[in-house]
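Residues per chain, in single letters:
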Amino acid sequence: MRSRSANAKVHSHLNRQGRAAHVFLIPWQLGFLLITAVPLFASLYLAFTNYDILNPPEWTGLENFQRMIHDDQFWASVKVTLIYVVVSVPLQLGFALLLALILDRGLSGLAFYRSAFYLPSLLGSSVAIAILWREIFGDDGLINKGLALIGIHGESWLQNPKTALATLIVLNVWTFGSPMVIFLAGLRQIPDELYEAAKVDGAGVWRQFTHVTVPLLTPIIFFNLILQTIGAFQTFTQAHIISGGTGGPANSTLFYTLYVYQQGFVAFDMGYASALAWVLMVAIAVVTALHFLVSKYWVFYGDS
Amino acid sequence: MDRRGFLKLSLATGLSAATVATAAGCSGGSGGPSGDGGNVTLRYAWWGNNIRQQNYTKALKQFSTANPSIAIEPEFAEYTAFQERMTTQIAARDVPDIFWIASPQVMTYHKSKLYRKLDDIPTLNWGDYSKEDQETFKLAGELNTLPFAIFTPVIRYNETVTKADGVTIPAEGPGWTWDSLAELLIAYSKNNSGQRKGTPYAPDHDLTFEAWLRQRGEQLWTEDGRAGFTVDGLASWLDWWEKLRKAGGALSLSEQEGMGPDWAQVGKKVLVNFGNSNHIIDDAKMFPKEKFRLRAAPIAPTAAAGHKYLYFPRMAIYQRIDDANLEAAGKVLDYNANNPEMLKTVRLTMGAPTNPKVAEQAKAFASPDEKEMLAVVEKERAAERKPRYEAPPGSSTWRTTMTRICEEIALGKTSVPDGAKKLLDDVNAGIKRAA
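Attention in this report is confined to the structure presented alongside it.

Calculation criteria
Residues numbered from 1 in each chain as written. Chains lettered and ligands numbered in written order. Predicted model: local features only at pLDDT ≥ 70, side-chain atom pairs only at ≥ 80, totals over all residues. Heavy atoms only, no water. Helix = DSSP H or I, 4+ residues; strand = E, 2+ residues; numbered from the N terminus. Rg over C-alpha atoms; globule rule 2.2 N^0.38 Å. Contact = heavy atoms within 4.5 Å. Areas by Shrake-Rupley, 256 points an atom, 1.4 Å probe, with all protein chains shown as cover. Lys, Arg positive; Asp, Glu negative; His and termini not counted. Charge placed at Lys NZ, Arg CZ, Asp CG, Glu CD. Pairing = 2+ DSSP bridges. Axes fitted to C-alpha atoms, helices over the stretch in contact; angles between N-to-C directions.

Some thoughts on the overall build of chain A
Okay, so step 1: When you go through chain A residue by residue, the secondary structure sums to 13 helices and 2 strands.
Okay, so step 2: Its C-alpha radius of gyration of 25 Å places chain A more than 25% over the 19 Å reference for a compact globule of 304 residues.
Okay, so step 3: On the principal axes, the C-alpha backbone points of chain A span a range of 80 × 65 × 35 Å.
Okay, so step 4: Long-range contacts, defined here as pairs at least 24 residues apart, represent 66% of the contacts in chain A between residues at least 6 apart.
Okay, so step 5: When the accessible area of chain A is evaluated, it comes to approximately 17,000 Å², of which 68% is carbon and sulfur surface.
Okay, so step 6: Each charge class in chain A was averaged separately, 16 positive and 16 negative side chains, and the resulting centres sit 17 Å apart.

If you want it as structure tokens, here you go:
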């Protein structure tokens, strides 16, 4: 009896805690419902309509999705985004890991360097970057001035379709601060004993890196990979600022999200923009699922 | 307070807040408080740069000082952001009482029945406008927007540089043609002390493109809401620019850092610019030591009669405005279009006044650049003009598409005939979707 009564008390206590939790969660739940869930499902409906915001949506079935097949701009944006994801994410992660390894070697003034390297992550989407990038990569920019010193006349890197995307990849790599901080935290979790044991076994710096650091860091690499890949698919601000919202020159910086924005908020073709957004969501979900599937072959969790 | 009490209080507070939020959401914000003891609050939305924002805010305050029963809430934004905000406001039925209308949206808003008719508001005086003027202001036969200024397509040239380099810009008349302009720009680019080019690359400038079309006997839009130009008409314009660009008469995309160059950056690199007559007022200020002059767009020897035209920026009163606020809104519109006092504060950055009496009065306080603009517009206004029609619903992105096509042509990604066809197909598809 005593035990049953104690159980009931614990149960009642948990119930009260559960109710309290629900009350505290109300603001978030309301926010989720009104700001995320309702617009999400509304956009799913709109994806099957012709909707210009000013007039009621008109059901068109799969027309918006069929339109994508013949839409040159859509394919251009897919190509730009895929190149960007495939090139910039590994480069950024590699650079972030390299810097994290250097900082992990116990430099003096670590806090300063950590902050300094993190700073570009905060600036990466600001208007100041558009000005800075023009000063560096523009027709009269720093790079061309440097090239002029050795007799080379360079054109604007931002206005050449062959180099414009590369400048945005450089920008993304430059904003390596966020993954670097996460790598740094991961490196701090690797026990020193493992390095000492490796040294005793005769492992040099490279073997320690490939046989101790990398395997134990794979969960962190995986985490960063997922985050940065999703982020790269959703890249918008940098391209919008630097191309002035056009995705130019000649669609070379027409990122997928920029195209969604152009359709939704410039052309006010909200039905088509919703369909485009859902295609992106599905694409990201598929790529993320593939990452998880493949992860079991290369991600090493200590307990497995 | 025990935990139970705290939970109850939290829940009650949360529910109250939600109720208030819901109620507030349902009530909407359109129209603002009105008719309370004769006091009226009106929302006034416009676009521009920060100088225009300051000037108009000041002018609207002056209006409220002179009319203490009418308060005005200003709603300002940059041009593109203004259109985005208007669209979301329209969707939410939260439209400002008085708003400017961006050119691509004039007929789109008309189709959405956003405009209230303006010919029955006693506080808005149409007496200064001729019958002919009023006819040209109408949209689909209705006087429901107020054209409050005029601008025209022009070639703006740097007189200081022409004098220094010994260049003569032909006077308007038989010698002022597109061909003579192209020859001058190419020759100048090849030989001038400042290594300037003739002009920025600007085939996407809409007003001069429209001037070109009308001289060919075509038009930008038809009365029944279709594209009024042919692939050949568009291609001839793009071809003129392509010849100029290839001959070195215009800046390269690299030199001007892309399409739609920043005048502050390229102003020092060129002799002339293709623009709207009103642009001289803000643009000339960026080079205060230099003097700029205007010429009307060149004229082809075979130009069709009545090709000249005026472009009107328009403002309107929201269809759903509270009746109690209507006369006050009419008074604000009257102040904008028929009162020279406002122009003394806001200046003439939006163009020459549409009201002929005010245009005349403005000469007394206009700056030299403003006088230059007024003179060009006055001449165009006196010319024979065939009707001009606004962009139909579904065509709002034609300028963006044109810019993209011009860029592709300059980069060798597409040919002139293909680009012209692509643009027209795109315009037609947009109009068809919106129909």
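Quick word on the sheet that holds strand E3 (residues 98-101) of chain B
Residues and elements named next belong to chain B.
Okay, so step 1: Judged by pairing direction, the sheet is mixed, and its 5 strands sit side by side in the order E2-E1-E3-E9-E4 without closing on themselves. Looking at the sheet topology across the chains shown, the edges are occupied by strand E2 (70-77) and strand E4 (146-147).
Okay, so step 2: Relative to strand E9 (residues 314-317), E3 runs antiparallel, the two being bridged by 4 bridges. Bridge assignment links Ile98 to a residue of E9, and that residue is Ile317.
Okay, so step 3: Taken strand by strand, helix H3 (residues 79-91) contacts strand E1 (40-47), E2 and E3, and its axis lies near 115 degrees from that of E2.

Topic: the sheet that holds strand E7 (residues 272-276) of chain B
All names here are of chain B.
Okay, so step 1: In space, the 3 strands of this open sheet follow the order E7-E6-E8, with antiparallel pairing throughout. Two strands bound the open sheet, and with one partner strand each, they are E7 and strand E8 (292-296). Averaged over all pairs of adjacent strands, the angle between strand axes in this sheet comes to 35 degrees, irrespective of strand direction.
Okay, so step 2: Two elements, strand E6 (residues 153-158) and E8, share 5 bridges in a ladder whose sense is antiparallel. From the neighbouring strand, Arg156 faces E8, where its bridge partner is Leu294.
Okay, so step 3: Packing against the sheet, helix H8 (residues 206-215) makes contact with E6 and E7, and its axis sits at approximately 120 degrees to E6.

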